[in-house]
Amino acid sequence: MNAAAFPRPEDAFDADLDDAFDLDMSYARPGEAAPAPAARPSHEPLQFTAPIGSEPGGFPSTPAPAAFPSEPESFNPVGELVAGASAALAPIEPALPEVASTTGYGQPDPSGVSIPRIAIHVFAERQDTLAAADRAGKDRRMSRATTHIRVGGIPAAIETYANEPTPPLIIVECLKDPHSLLAEIDALAEVCDAGTKVVVIGATNDILLFRELMRRGVSEYLVAPLQPLQLIAAIGGLFSDPAQPFVGRSIAFVGARGGTGASSVAHNTAYAMSERIGANTVIVDYDLPFGTAGLDFNQDPLNGVADALSQPDRLDATLLDRMMVRCTDKLSLFAAPATLDTDWDISVEAFEEVTTRIRSTAPFVVLDLPHIWSGWMRRSLISADEVVVVATPDLASLRNAKNMIDLVRQGRPNDAPPRLVLNQVGVPGRPEIPAKDFGAALGVHPSLVIPFEPKVFGTAANNGQMVLDLNDKSKSAAAFQTLAQIVSCRELPVVAGPKAKAKGGSLFGNLFKKG
């Protein structure tokens, strides 16, 4: 299965501008030793259908980490809002069984999983399995599938399918000994239609049992207790099509209010991902009437994202390549038309289809979302693999950021919460909400605090440059490199030679020096 989603430790942080910005160290991918798959016997399955293209495996899961700690007391000048946020968050966190805001070591990362429009029947015995199946059925990746959850295990499934046809996927749980489990599986095979995929949840982590189940045609074997993401990854693996194109990771940037600089943060972060980390990246500017991606990169393309949205069904690799502007060797741009001549009335399905097609072109797709609210905006935020909310340290941003984060959390119960970036911190003479209090009110640890540097940002914007090109020694440039590492889950490549040795052999250590 895929690697784990990356943990986000809720450590104490220092919002002092002397430190330039605050750093979230949670982007590092934990190491994971994958178990060796069992060899598939040549025995033909009786009726069940085994997965095609890869060997399944079932191994015990790792408990999820603790949820976000309880919030501190309220603060001025927004004490009432903080108190309300704390009271609202208190009953929510304990109500999330099994899975906290992040997944633990050894948990799968089903960010690229796509579940088709199928019916899935679950017959469970344990309460936590029922809860995990229910949470998995409500996940954004399972939105097209129809999930029915019942109690009773394999005997209930046998009784049900004695009088009705079987769905494409059956998930059954049996906590009995291996001999009893195999006997019940043989009985289930007698009432199942040919081509049905069967996932078995058992209590024994036994490779011999696993091999015997595979020999009987079972598609997957999982060991209880289960996490929702583990179940989603298993289902996605059964229905994955090797002929389908690669699907990259989507990262959505949205401003908590107008003027937070979300577009500048998105563009500079994408540029740092492509130039400093070396990952192929695509920027999609979905602010059709007022998008600034073309200006920021000094580009004036004839085609762009509006043309793609007008004909989503015709998009293919050739047409996408024609519509994109290549800013650098590793950075491409889908620019917005930035015109008011058209009333942009585009369906939610068109945005979803275009985003899916673009994700097949690069490992990372940065979505620059406008500060509006509509059906496609809601869908884009919930369906993105990573959400970054950019806010300024004021009351309007706090209120709007809380609404956004609460909605995204509700729509993505099995995903980590959105990232919070505080921008324009330290404006002279402006009263500001401290970063610690801002994060405490939202229940989200700020991943980064970007200082107010008007000369650097203003000059870069007027010149059509990125901050890294204009002044790579500035605090903001270092902040964007750090944010690029966090959202891409990759580190900056270490420069070989005497220069790297003089810096201690790691570019990352310089981020902790005082500015």
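The following paragraphs examine the structure supplied in this document. This is a predicted model, so every value here is computed, not measured. (Residues numbered from 1 in each chain as written. Predicted model: local features only at pLDDT ≥ 70, side-chain atom pairs only at ≥ 80, totals over all residues. Heavy atoms only, no water.)

## A look at the pattern of salt bridges
Line of reasoning, step 1. Tallied over the full model, the rule gives 19 salt bridges.
Line of reasoning, step 2. Between R359 and D385 there is a salt bridge, with the nearest N and O atoms lying 2.8 Å from each other. Of the two residues, R359 is situated in the loop between α11 (348–358) and β10 (364–368) and D385 in the loop between α12 (375–383) and β11 (386–391); the sequence distance between them amounts to 26 residues. For the pair shown, R359 and D385 are each scored as buried. (Salt bridge = Lys/Arg side-chain N within 4 Å of Asp/Glu carboxyl O. Helix = DSSP H or I, 4+ residues; strand = E, 2+ residues; numbered from the N terminus. Buried < 20%, exposed > 50% of the residue type's maximum accessible area, 1.4 Å probe, protein only.)

## Quick word on the environment of I171
Line of reasoning, step 1. Along the polypeptide, I171 turns up in strand β3 (residues 169–173).
Line of reasoning, step 2. Classification of I171 as buried rests on a relative accessible area of 1%.
Line of reasoning, step 3. Sequence spacing of I171 and I154 is 17 residues, and the spatial spacing of their C-alpha atoms is 9.0 Å.
Line of reasoning, step 4. Aside from chain neighbours lying at most four places away, what touches I171 is I120, H121, V122, F123, V199, I201, L231 and I235. (Contact = heavy atoms within 4.5 Å.)

## Topic: the nonpolar core
Line of reasoning, step 1. V284, Y286, F334 and L369 are the most contacted members of the largest nonpolar core, which totals 47 residues.
Line of reasoning, step 2. Residues contacting V284, with those up to four places away along its chain left out, are V305, F334, I358, V365, V366, L367 and D368. (Core = buried A, V, L, I, M, F, W, Y, C linked by side-chain atoms within 4.5 Å.)

## A word on the packing of helix α7 (residues 262–277) against helix α17 (residues 475–488)
Line of reasoning, step 1. The contact between α7 and α17 brings their axes to 8 Å, and the two run at 80°. Compared by their axis directions, α7 and α17 come out roughly perpendicular. Judged by residue contacts, S264, V265, N268, T269, A272, M273, R276 and I277 of α7 engage F480, Q481, L483, A484, Q485, V487 and S488 from α17. (Axes fitted to C-alpha atoms, helices over the stretch in contact; angles between N-to-C directions. Parallel < 35°, antiparallel > 145°, perpendicular 65-115°, else oblique.)

## Thoughts on a negative patch on the surface
Line of reasoning, step 1. A cluster of like negative charges, contributed by E275, D329, D469 and D472, occupies part of the molecular surface.
Line of reasoning, step 2. Counting through the fold element by element, D469 comes out in helix α16 (residues 467–470). (Patch = residues over 30% accessible without salt bridge, like charges linked within 9 Å, V, L, I, M, F, W, Y side chains within 5 Å. Areas by Shrake-Rupley, 256 points an atom, 1.4 Å probe, with all protein chains shown as cover. Lys, Arg positive; Asp, Glu negative; His and termini not counted. Charge placed at Lys NZ, Arg CZ, Asp CG, Glu CD.)

## Some remarks on the sheet that holds β11
Hydrogen bonds along the backbone pair up the strands of a sheet, which may run parallel or antiparallel.
Line of reasoning, step 1. Spatially, eight strands are ordered β8-β9-β7-β10-β6-β11-β12-β13 in an open sheet, and the strand pairing comes out mixed. With one partner strand each, in any of the chains shown, β8 (325–326) and β13 (446–451) form the two edges of the open sheet.
Line of reasoning, step 2. Contacts from helix α14 (residues 435–442) reach β11, β12 (419–425) and β13 within the one sheet, and its direction differs from that of β12 by about 150°. (Pairing = 2+ DSSP bridges.)

## Regarding the packing of aromatic side chains
Line of reasoning, step 1. Across all of its chains, the model carries six aromatic pairs by this definition.
Line of reasoning, step 2. Judged by centre distance (5.6 Å) and plane angle (70°), the ring pair of Y286 and W376 falls under edge-to-face. With a gap of 90 residues between them, Y286 in the loop between β7 (281–285) and α8 (293–296) and W376 in helix α12 connect regions that are remote in the sequence. The exposure classification of Y286 matches that of W376, with both residues buried.
Line of reasoning, step 3. Between F351 and W376 the ring centres are 3.9 Å apart and the planes differ by 5°, which places this aromatic pair in the stacked class. Linking F351 in helix α11 with W376 in helix α12, this pair joins segments that are 25 residues apart in sequence.
Line of reasoning, step 4. Note that K197 overlies the ring of F239, its terminal NZ or CZ placed 5.6 Å from the centroid. (Phe/Tyr/Trp six-rings, centres within 6.5 Å; stacked < 30°, edge-to-face > 60°. Lys NZ or Arg CZ within 6 Å of the ring centre and 35° of its normal.)

## Considerations on α17
Line of reasoning, step 1. An ideal rise of 1.5 Å per residue puts 20 Å on 14 residues; α17 measures up with 20 Å between its terminal C-alpha atoms.
Line of reasoning, step 2. Burial analysis of α17 places 13 of its 14 residues in the buried class, which makes it a mostly covered element.
Line of reasoning, step 3. Of the residues flanking the end of α17, it is C489, one or two places downstream, whose phi is positive at about 60°. (Expected span 1.5 Å × (residues − 1).)

## What to know about the pairing of strand β5 (residues 220–223)
Line of reasoning, step 1. The two faces of β5 match: E220 and L222 on one face and Y221 and V223 on the other face are all buried.
Line of reasoning, step 2. Bridging between strand β4 (residues 197–202) and β5 involves four bridges; their strand directions are parallel. Across the sheet, I201 pairs through a bridge with L222, a residue of β5.
Line of reasoning, step 3. In this fold, β4 hands off to helix α5 (residues 207–215), which returns the chain to β5; that crossover is right-handed. (Right-handed = clockwise from strand over helix to strand, strands pointing away.)

## Some points on the environment of R490
Line of reasoning, step 1. Tracing the backbone shows R490 in the loop between α17 and α18 (498–502).
Line of reasoning, step 2. Using a relative accessible area of 37% as the deciding quantity, one classes R490 as partly exposed.
Line of reasoning, step 3. Through-space distance from the C-alpha of R490 to that of G278 is 9.8 Å; in sequence the pair is 212 residues apart.

## Considering the sheet that holds β4
Line of reasoning, step 1. Read across the open sheet, the five strands follow the order β2-β1-β3-β4-β5; overall the sheet is parallel. Strands with a single pairing partner mark the edges of an open sheet, and in this sheet they are β2 (146–151) and β5. Strand-to-strand twist of the sheet, defined as the mean angle between neighbouring strand axes without regard to direction, takes the value 15°.
Line of reasoning, step 2. Where helix α2 (residues 127–137) meets the sheet, it contacts β1 (119–124), β2, β3 and β4, and its direction lies at approximately 170° from that of β2.
Line of reasoning, step 3. On top of the sheet, helix α3 (residues 153–161) reaches β1, β2 and β3; it is set at about 135° to β1, its chief contact.

## Focus on the packing of α3 against helix α4 (residues 178–189)
Line of reasoning, step 1. In contact at an axis separation of 9 Å, α3 and α4 are set at 10° when each is read in the N-to-C sense. In terms of their interaxial angle, α3 and α4 are classed as roughly parallel. Considering the relative orientation of α3 and α4, their crossing is left-handed. Seen from α3, the contacting residues are I154, P155, A157, I158 and Y161; seen from α4, they are L181, E184, I185, A187 and L188.
Line of reasoning, step 2. Residues belonging to the contact of α3 with α4 are distributed by class as follows: nine nonpolar, no polar and one charged. (Left-handed = near helix turned anticlockwise from the far one by under 90°. Nonpolar A, V, L, I, M, F, W, Y, C, P; charged D, E, K, R; others polar.)

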